[in-house]
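Read off the chains here:
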Amino acid sequence: MALSLLSYDVSDLCLGKPPLRCLSASSSSVSDAIAALKSSEDNFLSVWNCNHNDDVITECECLGKISMADVICHLSKDHDHTLSALNASVSVLLPKTRSIVLHVQPSCSLIEAIDLIIQGAQNLIVPIQTKPFTKKRQHNDNVSVTTTTLSNGRRFCWITQEDIIQFLLGSIAAFSPLPAMSLSDLGIINSTHTILAVDYQSSASAVVSAISNALAVQTSVAVVDSEGDDDPFTSLIGEISPMTLTCCDETASAAVAMLSAGELMAYIDGANPPESLVQIVRNRLEDKGLTGLLSLFDSLSPYSTSSGYSSEEEAPVRTSSTYGRSMSSSARMARKSEAIVCNPKSSLMAVMIQAVAHRVNYAWVVEKDGCFVGMVTFVDILKVFRNFLENNDM
């Protein structure tokens, strides 16, 4: 029965999870964060209020999480002062609200964890017990990146919305008839006024703002074809997903700052940005006199004018390593601007599996004729399961 799930706690979800890798908010810069993210197979790193290289062991608190998408948004907003933006403290990348990442005890029940997620938490930090012997790991000579280690060999992992959804999928039969019910019957489709969307022709400034907001709520930015103020979301063309940006390198900040929504979709769609768009970004940077961002862009661009290549045939192919990230297969799957869509009649279970398979926390909802309806998120889905458990708690 579904009620048997009430006996589980978050420690059950931590089994097999690796300890978190972390950065210190007091000693790490944005440049340090870039280096750490590039050397990590994880898309996110945790930021803490302590320095784990200190000999003095203190109680540490996780202040939040960062990804390359945070770096890209930061650099694209401060494009007039690229060097100072790179040298800024890593804390500038953290969200303003601390409630996104919460510390909980291993005894925190599954139902309590679901409640915290529904209330706005994105990651739950859980202490895990490891062998007393611990060793700090240096992945870069100039960057301090360690696992979070306290006394008695205690480290931490985090539980995400996706972890809870996957756990529920493992016992999905216990929630019958919910899994077979459609999104429309469950009433969990967010209407268009609650989602983030930009027009295909939207300017770069509108795109940057929308991406930042999407990062804060773990969703995505819909790119739509607007026909007027009365009907702003006629059809869904694609999306600009923060999860896509997490698989890019810092040069994508120039593209975010210079390109329209439609252009940016094409730029980040796949492993290699089109050479024509690379040149458009470079020309616009030159026209605006943004020498700092231009230097950063050219330093990693395969089509740099200083590379000595004069044609597309002679230019080197941009691989995942030259792109700046060592991407896993799941990360490469996320690097597409084609929207993850379902329809109002899709079953709850189908949407859960679809979202988990694409490593996202949401799915866009469109009618069979292509009409844009809205979106459904993991939080919406968790509310359904929470209500089911509450109504059957007798």
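Parameters at a glance
Residues numbered from 1 in each chain as written. Predicted model: local features only at pLDDT ≥ 70, side-chain atom pairs only at ≥ 80, totals over all residues. Heavy atoms only, no water. Helix = DSSP H or I, 4+ residues; strand = E, 2+ residues; numbered from the N terminus. Buried < 20%, exposed > 50% of the residue type's maximum accessible area, 1.4 Å probe, protein only. Contact = heavy atoms within 4.5 Å. Pairing = 2+ DSSP bridges. Right-handed = clockwise from strand over helix to strand, strands pointing away. pLDDT = per-residue confidence, 0-100. Axes fitted to C-alpha atoms, helices over the stretch in contact; angles between N-to-C directions. Phe/Tyr/Trp six-rings, centres within 6.5 Å; stacked < 30°, edge-to-face > 60°. Salt bridge = Lys/Arg side-chain N within 4 Å of Asp/Glu carboxyl O.

1. Thoughts on unusual backbone geometry
Move 1: A cis geometry characterises the amide bond from Ser176 onward to Pro177, with omega recorded as 10 degrees.
Move 2: Position of Pro177 among the secondary structure elements: in the loop between helix H6 (161-169) and helix H7 (183-186).
Move 3: Even without a glycine there, the phi angle at Gln218 is positive, about 60 degrees.
Move 4: The phi angle at Arg359 is positive, at roughly 55 degrees, despite the residue not being glycine.
Move 5: Relative to the helices and strands, Arg359 is located in the loop between helix H16 (348-357) and strand E12 (362-366).
Move 6: Since its relative accessible area comes to 35%, Arg359 is described here as partly exposed.

2. Regarding the side chain of Ser260
Move 1: Note that Ser260 resides in the loop between helix H10 (252-258) and helix H11 (261-267).
Move 2: Classification of Ser260 as buried rests on a relative accessible area of 15%.
Move 3: Ignoring any residue separated from it by four or fewer positions in sequence, one finds Ser260 in contact with Tyr200, Gln201, Ser202, Val207 and Arg284.

3. Let's talk about the sheet that holds strand E11 (residues 341-342)
Move 1: If you trace the 3 strands from one edge of the open sheet to the other, you get E11-E12-E13, paired in mixed fashion. Each having just a single partner strand, E11 and strand E13 (372-377) make up the two edges of the open sheet.
Move 2: Relative to E12, E11 runs parallel, the two being bridged by 2 bridges. Among the inter-strand pairings, Cys342 is bridged to a residue of E12, identified as Val365.

4. Thoughts on the pairing of strand E2 (residues 44-48)
Move 1: With 4 of 5 residues buried, E2 is to be regarded as a mostly interior element.
Move 2: When strand E1 (residues 21-24) meets E2, the two strands line up parallel, connected through 3 bridges. If you follow Leu23 over to E2, its bridge partner there is Val47.
Move 3: Read as a crossover between parallel neighbours, the route from E1 over helix H2 (residues 30-38) to E2 is right-handed.

5. Regarding the confidence of the model for the chain
Move 1: Confidence in the prediction for the chain averages 81 pLDDT; 78% of positions are at 70 or higher.
Move 2: Note on residues 132-141: pLDDT is under 50 here. Beyond four places in sequence and across chains, it has 21 contacts.
Move 3: This stretch, residues 148-152, has a pLDDT under 50; its non-local contacts, to residues over four places away or in other chains, come to 19 contacts.

6. Considerations on the sheet that holds strand E9 (residues 221-225)
Move 1: One open sheet accounts for 3 strands, arranged E8-E9-E10; its pairing is mixed. At either margin of the open sheet sits one strand with a lone partner, and together these are strand E8 (197-199) and strand E10 (235-240). In this sheet, neighbouring strand axes are inclined to one another by 35 degrees on average, regardless of whether the strands run parallel or antiparallel.
Move 2: Pairing analysis gives 3 bridges linking E8 to E9, with the strands arranged parallel. From the neighbouring strand, Asp199 faces E9, where its bridge partner is Val224.
Move 3: This element, helix H8 (residues 204-217), spans E8, E9 and E10 of the sheet and lies at about 140 degrees to E9.

7. Details of the packing of aromatic side chains
Move 1: One pass over the full model with this rule turns up 6 aromatic pairs.
Move 2: Taken together, a centroid distance of 5.2 Å and an interplanar angle of 45 degrees make the contact between Trp48 and Phe156 tilted. Of the two residues, Trp48 is situated in strand E2 and Phe156 in strand E7 (residues 154-160); the sequence distance between them amounts to 108 residues. Comparing Trp48 with Phe156, the two get one shared label, buried.

8. A word on helix H3 (residues 68-77)
Three- or four-residue spacings in an α-helix give side chains the same orientation, since the helix completes a turn every 3.6 residues.
Move 1: Burial within H3 is extensive, with 9 of its 10 residues counted as buried.
Move 2: What H3 keeps buried is the set Met68, Ala69, Asp70, Val71, Ile72, Cys73, His74, Leu75 and Ser76.

9. A word on the pattern of salt bridges
Move 1: For the coordinates displayed, the defined rule picks out 7 salt bridges.
Move 2: Residue Glu162 is joined to Arg359 by a salt bridge in which the shortest nitrogen-to-oxygen separation is 2.9 Å. Note that Glu162 is positioned in helix H6 and Arg359 in the loop between H16 and E12, a separation of 197 residues in sequence.
Move 3: Arg284 is the salt-bridge partner of Glu263, the closest N and O atoms lying 2.9 Å from each other. Residue Glu263 is found in helix H11, and its partner Arg284 is found in helix H12 (residues 275-288); the two are separated by 21 residues along the sequence.
Move 4: Under the relative-accessibility criterion, Arg284 is labelled partly exposed at 29%.
Move 5: Each of Asp115, Arg386 and Glu390 takes part in a single network of salt bridges with overlapping partners.

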